[in-house]
Amino acid sequence: MSTVTQGGPSLPQERRVVTEIPGPKSREMFARKQAAVPPGIGTTLPVFVTHAGGGVVVDADGNSLIDFGSGIAVTNVGNAAPRVVERVQRQVADFTHTCFMITPYESYVQVAERLNEITPGDHEKRTFLLNSGAEAVENAVKVARHATGRQAVVVFDHGYHGRTLLTMSLTAKNMPYKQGFGPFAPEVYRVPLAYPFRWPSGPENCAEEAAAQAIDQINKQVGAENVAAVLIEPIAGEGGFIEPAKGFLPRIAEFCKANGIVFIADEVQTGFARTGDLFACEDEGLVPDIIVTAKGIAGGLPLAAVTGRAEILDRIHVGGLGGTYGGNPLACEAALGVLETIEADDLVGRARHIGEVMLPRLRAIAEKNPIVGDVRGRGAMIAIELVVPGTKEPHPTAAGEIAKRCHAEGLLVLTAGTYGNVLRFLPPLVMPDHLLEEGLTILEKIVSEI
Ligand code: PLZ
């Protein structure tokens, strides 16, 4: 049994492997999971968590793992972050739910005001709140269709937007997200993404050629006048942390502006200081018409947001938007705690620092190990792409094997990518440097063994 009774940053910030991973208690619970939960709900690492905070996750057997995952880019401020805990504890004792559409409360309005302020662009904005990234993406598309009177939605190769009918249709990758779950939603069109590492004529030409192809396909195959929205992740997350070649996103945004198309940025994974900017769009000065956020917004409580131009959002009739739980008071308090923490602890600066520590070390690993074909990302959203040495052929088994060995040593890493050959690193932004370095040292050793 762990002697620690509370999670959060006061947990000992150390890697501690005291049993096999997973240990006996986790294995016992995992057997119960297998019997009670359908296999469709997968498991990256079957350790059962009892506490987490700072840069570690502690399991039922007392192992303390270095967390390079943040619950998929959610606990940017760390697990059980003090300002989040304090606000949520106060709120849970005051009231737990009223439904904002029935009788409102101030924290929802405060979250909306803050998002209107901090998202890119100084135009007048509105925000409404939902429960999950997928729900927010669906609502952004709903709003864009209503506002434009058009139906088509353009998405990109390697894009990921969720698992509901519409968002699964917007997602590029078949297995595991779409296989057997059709028919899919209509009026979804997919165009090329500027993926520098895999662009046939090389990274130098990537932005211009990819944008030209995307725009040509929209014009010729869909008709710009039929397009309600272009939806894109400023860095493709599940698709493999693909940072589009510089210049690509501004070209697409410009095309949208010229054709009355709503430009929607899906910042569900990139948002809230993760990439070394508050939002990834800031890197190239993009001002999306609508920005969709979730994950990092509320430190792990379920919350998502659609923030957009007032003239677009104000067109929807009263009652046209909503949901029972969207902007639940606990989640709103958590979001206010997250925003305070990002500012007070300069987590944008911390994310940049994490990138400055990780990128050179990973590049050195890539130099010595030709199995690492590419190192990329910004801030604390960093990845390596594994290839068959001397080629660009994706090497998913190597990615899987490295992840497995990292897990066995107490380093939680995640995989990603259309080809399943990407290892991605998403440490909480409060990760102490010694754990970051230790995690990289473990990774270095394992990559060189493969
Ligand atoms: N948009 C860019 O990354 C969620 C998916 C995990 P929800 N990514 C993690 C999985 O396998 O289900 C995501 C995202 C981007 C939308 C979503 C969807 O957000 O909160 O999972 O619905």
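Calculation rules
- Residues numbered from 1 in each chain as written.
- Predicted model: local features only at pLDDT ≥ 70, side-chain atom pairs only at ≥ 80, totals over all residues.
- Heavy atoms only, no water.
- UniProt positions renumbered as here; feature names shortened; annotations may be inferred.
- Core = buried A, V, L, I, M, F, W, Y, C linked by side-chain atoms within 4.5 Å.
- Buried < 20%, exposed > 50% of the residue type's maximum accessible area, 1.4 Å probe, protein only.
- Domains from an automatic or database assignment.
- Contact = heavy atoms within 4.5 Å.
- Helix = DSSP H or I, 4+ residues; strand = E, 2+ residues; numbered from the N terminus.
- Lys, Arg positive; Asp, Glu negative; His and termini not counted.
- Salt bridge = Lys/Arg side-chain N within 4 Å of Asp/Glu carboxyl O.
- Polar contact = N/O pair within 3.5 Å; in protein donor to acceptor, adjacent residues only side chain to side chain.
- Pairing = 2+ DSSP bridges.
- Phe/Tyr/Trp six-rings, centres within 6.5 Å; stacked < 30°, edge-to-face > 60°.
- Axes fitted to C-alpha atoms, helices over the stretch in contact; angles between N-to-C directions.
- Near = heavy atom within 4 Å.
- Areas by Shrake-Rupley, 256 points an atom, 1.4 Å probe, with all protein chains shown as cover.
- Nonpolar A, V, L, I, M, F, W, Y, C, P; charged D, E, K, R; others polar.

- The name an unreviewed UniProt entry assigns to the protein is 4-aminobutyrate aminotransferase, from the organism Planobispora siamensis.
- Word for word, the UniProt comment on the protein under Cofactor (unreviewed entry) is "pyridoxal 5'-phosphate".

Here's the deal with the nonpolar core
Okay, step 1: Counting 95 residues, the largest nonpolar core has Ile 290, Leu 362 and Phe 425 as its most contacted members.
Okay, step 2: Each of two domains, domain 1 (3-80 + 346-449) and domain 2 (83-344), supplies a minimum of three residues to this core.
Okay, step 3: Setting aside its immediate chain neighbours within four residues, Leu 362 contacts Val 375, Ile 382, Ile 384, Phe 425, Leu 440 and Leu 443.
Okay, step 4: Grouped together as the second largest cluster of nonpolar side chains are 36 residues, Phe 156, Cys 206, Ala 207 and Phe 255 included.

Observations concerning the side chain of Arg 150
Okay, step 1: Topologically, Arg 150 is positioned in the loop between α5 (133-148) and β5 (152-156).
Okay, step 2: Despite its burial, Arg 150 remains without a salt bridge, the nearest opposite charge being carried by Glu 225 at 7.3 Å.
Okay, step 3: At a separation of 2.8 Å, a polar atom in the side chain of Arg 150 contacts the main-chain carbonyl oxygen of Val 227.
Okay, step 4: Here the side chain of Arg 150 touches Gly 260 through a polar contact of 3.4 Å, landing on its backbone oxygen.
Okay, step 5: Non-local contacts of Arg 150, meaning those with residues more than four positions away in its chain, are made with Arg 145, Ala 224, Glu 225, Asn 226, Val 227, Ala 228, Asn 259, Gly 260 and Ile 261.

Looking at the pairing of strand β1 (residues 49-53)
Okay, step 1: Across four bridges, the pairing between β1 and strand β2 (residues 56-59) is antiparallel. Bridged to Ala 52 within β2 is Val 57.
Okay, step 2: Between the end of β1 and the start of β2, which pair antiparallel, lie two residues, with Gly 54 showing a positive phi angle near 60 degrees.

A short note on the packing of aromatic side chains
Okay, step 1: Counting across every chain of the model gives seven aromatic pairs.
Okay, step 2: Their ring planes at 80 degrees and their centres at 5.9 Å tell us that Phe 156 and Phe 248 sit as a pair that is edge-to-face. In this pair, Phe 156 is assigned in strand β5 and Phe 248 in helix α8 (residues 248-258), connecting sequence segments 92 residues apart.
Okay, step 3: Phe 156 sits in the buried class, given a relative accessible area of 2%.

Considering the sheet that holds β5
Okay, step 1: Reading across from one edge, β4-β10-β9-β8-β7-β5-β6 is the order of the seven strands in this open sheet, with mixed pairing throughout. The sheet is open, and its two borders are formed by β4 (125-130) and β6 (188-191), each paired with just one other strand. The mean inter-strand angle of the sheet, taken between neighbouring strand axes irrespective of direction, is 20 degrees.
Okay, step 2: The sheet contact formed by β4 and strand β10 (residues 304-309) spans six bridges and is antiparallel. Paired with Leu 129 across the bridge in β10 is Ala 305.
Okay, step 3: Of the strands in this sheet, β4 and β10 touch helix α4 (residues 106-118), which is tilted by about 130 degrees from β4.
Okay, step 4: Strand contacts of helix α7 (residues 203-222): β5, β6 and β7 (227-232), with the helix running at about 145 degrees to β6, the strand carrying the most contacts.

Structural notes on the site of the ligand
Okay, step 1: Around the ligand there are 14 residues in total, and Gly 133, Ala 134, Arg 163, Asp 266 and Gln 269 lie nearest to it.
Okay, step 2: At 2.7 Å from an oxygen atom of the ligand is found a side-chain nitrogen or oxygen belonging to Arg 163.
Okay, step 3: With respect to the ligand, the side chain of Gln 269 contributes an N or O atom lying 2.8 Å from an oxygen atom.
Okay, step 4: Contact with the protein chains covers 82% of the free accessible surface of the ligand, which is 510 Å².
Okay, step 5: Classifying every residue of the shell around the ligand by side-chain character gives four nonpolar, five polar and five charged.

Details of the domain arrangement of the protein
Okay, step 1: When cut into domains, the protein gives domain 1 (3-80 + 346-449) and domain 2 (83-344).
Okay, step 2: Taken over C-alpha atoms, the centre of domain 1 sits 26 Å from the centre of domain 2.
Okay, step 3: Each side of the interface is counted separately: domain 1 has 41 residues, and domain 2 has 37 residues.
Okay, step 4: The interface formed by domain 1 and domain 2 contains five salt bridges.
Okay, step 5: Here Glu 238 makes a salt bridge to Arg 424, at a shortest N to O gap of 3.0 Å.

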